[in-house]
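# Inside the fold
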Amino acid sequence: MIRRAAWIAALVALPFGATAQDITTYGDCSPVIQDVGGDVTVVCYKDRNQKPRFRVVYYRLGGIGQSFLLNGKLSPEWEKYLGGQQAIVNNAVHTEIRTLTDRFGQQIGGSYLSGNVGFEGGDFGMGLADYAQQVDADIEVFQTDGGAMPDLRSAEGWRVFGPGQLFVPDLTAAQALFQKYAIPAGYQAYWGTSSGAANWVEPGSKMTAPTLWRSMTLADLDDYEARYDAYLGRALDISNDARNTGDLDRRAERGLFANAGAGYFAGRRIEHTTLDALRYLARNGLPENYAIVKGEPGIHYGWSFTANTRSADLLVAVLENVGDTPMDVGAFTIAETAEMTLRRHDETQALLATAQPVDKRLWPPGILAPGEKLVIPVRIEMPLLPEVFDWIASGYRDNYAAAEAIRDEATTSAARQIVFVHPNEQTNVLFALPPSDLPEGRIPDLVERFEYGPAWSIQAVEVDGATFDFRQHDPNNFILFAGGGVGSCPYLYSYQEDGDIWIEENHFLLGATSPDKKRTERLELSHFDGRLEIREKEHELAHIDQITLILRDEDGTEETYPAVWPAELADHDGQNLVLGYGERTEVRFDLPDGAWEGKTVFVSATGYYLPLSDPSLFASRN
């Protein structure tokens, strides 16, 4: 981290609204911290005389946290990390992220704030009026039929650059499906959906339509308006098989590429903010697998071709004076790139590696007082929302074998064409293929996080006349994201024998982010075939004390079955099962065969979790 210090490690827990604690230890640099509530910072030094004057921490900001910082204020969840006296460096990275937010951001409004308007994940949520008045008590709030509405202005930071969904008017693909009875050129087929393999309707003759996908290209953005107008102006019966006038009218009303909730109607133009933003970002090239065009049956008829676009996160390095006296901050040694391109992380690193480092004074006053912070934008990252990436990367992969087994059976058992029908309306024939034309399925490819535009690598900094190496950011060893302040939480999965797959049920213990918030929560399962699994998908430590299965019959009588494995989950006794990022465990119960059949199944879980900062520390938690 800092050359003058022999070794420093920091562990930060992020419970919401708890008391902060600072713990310093010397000598043994492997402290064991158990059952510590509140915000905790642990700093270890091998030698008392080597305590550094400053520290460097990297933060990733998104959504409102990012927008507010650009407008000179801090959202409540960032006040405790970047609060006090801070200044943000107005470099090229700062200028470009502000351009994205001002030109393509959406203004926040309504009565409720959730992850859908900018926070990573969708777990955070509260009344927008309450949140707004936490930021500024003078914000006016007025009552409407839709609830309390705050008077927010985008110029004051109430605007975010967030992800969106772009409709892709691919008439060529539609004509291939409807007129040629063929999978469109350039598309890959996945014989099912992310939630499961295709269902047989009549083995060997009918099955539900596959998911089609390909990487979005610049051609999708060229002449977009003309192709969209052509889509709106068509009679939308290119299949020539409308059963009656009403059927044709319904297709014309909703569109050939109808999709639930998309809001595409004939005669009504789309909002172009998402399209304009993507055109701006991709003006110097659109990398493969930046966005996936996904084709699937629409809500009424035909096919929906859409692509999920990405949000923009700002990576910042924060230099903080942690000493007791002012320190003199001199020049920073910086390598930078000005390339206005979308690219992968290793491509950014290659550009920075070939750049000639230069010395820059980023803090003209020179003196940084104790507790003051210098915020330096270093990179703009373009991630997919975690739930979108997980859905594509995990959902399809988990179901791939079952999907391919259905395709294999179709190719060997059918001698005639196989008709593909709508998954929700089996009489709605979408297209047909001979078994020999069923290609091997492929799982959609996707890159979780791209980078964009100017980027910095800070190599050294001069403090009090001495030059120190500057801590480098490791994307696999991340610190914090501007979330909603409640963290994430563990997830429950239930096993489904049909397809031999695990299905995500729900998260649990949301907001129980410290031992003093430990609680018991009861969840109803969508289905249960005798097996249950807990997964920790976030950078946190889950502490689960007890898991109990509850079976309720039709007259309301309930039977309870405590977990028998892992042993820590059998009793509410403070003996916790601890799971870190990426870990999972199956939970077993002593159940009579078929005891759950015909009954409503609940899970009672007791515990809490600690959102953490440094995934590399998880392995040493014991």
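Structural data are supplied above this passage.
Turning next to the environment of Leu315. Here Leu315 shows up in strand S21 (residues 313-321). In the structure, Leu315 is positioned 64 residues away from Arg379 in sequence and 5.2 Å away in space, judged by C-alpha atoms.

Counting 102 residues, the largest nonpolar core has Leu100, Phe332 and Met382 as the members making the most contacts within it. Considering each element in turn, this core owes the most residues, eight residues, to helix H10 (residues 386-413). Those residues in contact with Phe332, other than ones at most four positions away along the chain, are Leu319, Val358, Asp359, Lys360, Leu362, Leu374, Ile376, Ile458, Ala460, Val461 and Phe470. Judged by nonpolar contacts, the second largest core, of 30 residues, contains Leu532, Tyr561, Ala595 and Leu610.

This part is about the packing of aromatic side chains. For any two aromatic rings, the description comes down to two numbers: the centre-to-centre distance and the angle of the planes. If you walk through the whole model with that rule in mind, you get twelve aromatic pairs. Seen in terms of ring centroids, Phe104 and Tyr280 are 5.3 Å apart; in terms of plane orientation they differ by 45°. Their pairing is tilted. Of this pair, Phe104 sits in helix H3 (residues 92-104) while Tyr280 sits in helix H8 (residues 273-281); the two residues are 176 residues apart in sequence, bridging distant segments of the chain. The buried category is assigned to Phe104, whose relative accessible area is 8%.

Across five bridges, the pairing between strand S27 (residues 418-422) and strand S28 (residues 425-433) is antiparallel. Counterpart to Phe420 in the pairing with S28 is Phe431. Connecting S27 to the next strand, S28, in antiparallel fashion are two residues.

To continue, consider the sheet that holds strand S19 (residues 292-297). In space, the five strands of this open sheet follow the order S12-S20-S19-S18-S13, with antiparallel pairing throughout. The outermost strands of the open sheet, each flanked by one partner alone, are strand S12 (165-167) and strand S13 (188-190). Looking at each pair of strands side by side, their axes are set apart by 30° on average, direction ignored.

Reading the values: the criteria
Residues numbered from 1 in each chain as written. Predicted model: local features only at pLDDT ≥ 70, side-chain atom pairs only at ≥ 80, totals over all residues. Heavy atoms only, no water. Helix = DSSP H or I, 4+ residues; strand = E, 2+ residues; numbered from the N terminus. Core = buried A, V, L, I, M, F, W, Y, C linked by side-chain atoms within 4.5 Å. Buried < 20%, exposed > 50% of the residue type's maximum accessible area, 1.4 Å probe, protein only. Contact = heavy atoms within 4.5 Å. Phe/Tyr/Trp six-rings, centres within 6.5 Å; stacked < 30°, edge-to-face > 60°. Pairing = 2+ DSSP bridges. Axes fitted to C-alpha atoms, helices over the stretch in contact; angles between N-to-C directions.

No statement about biological role is implied by the geometric values presented.
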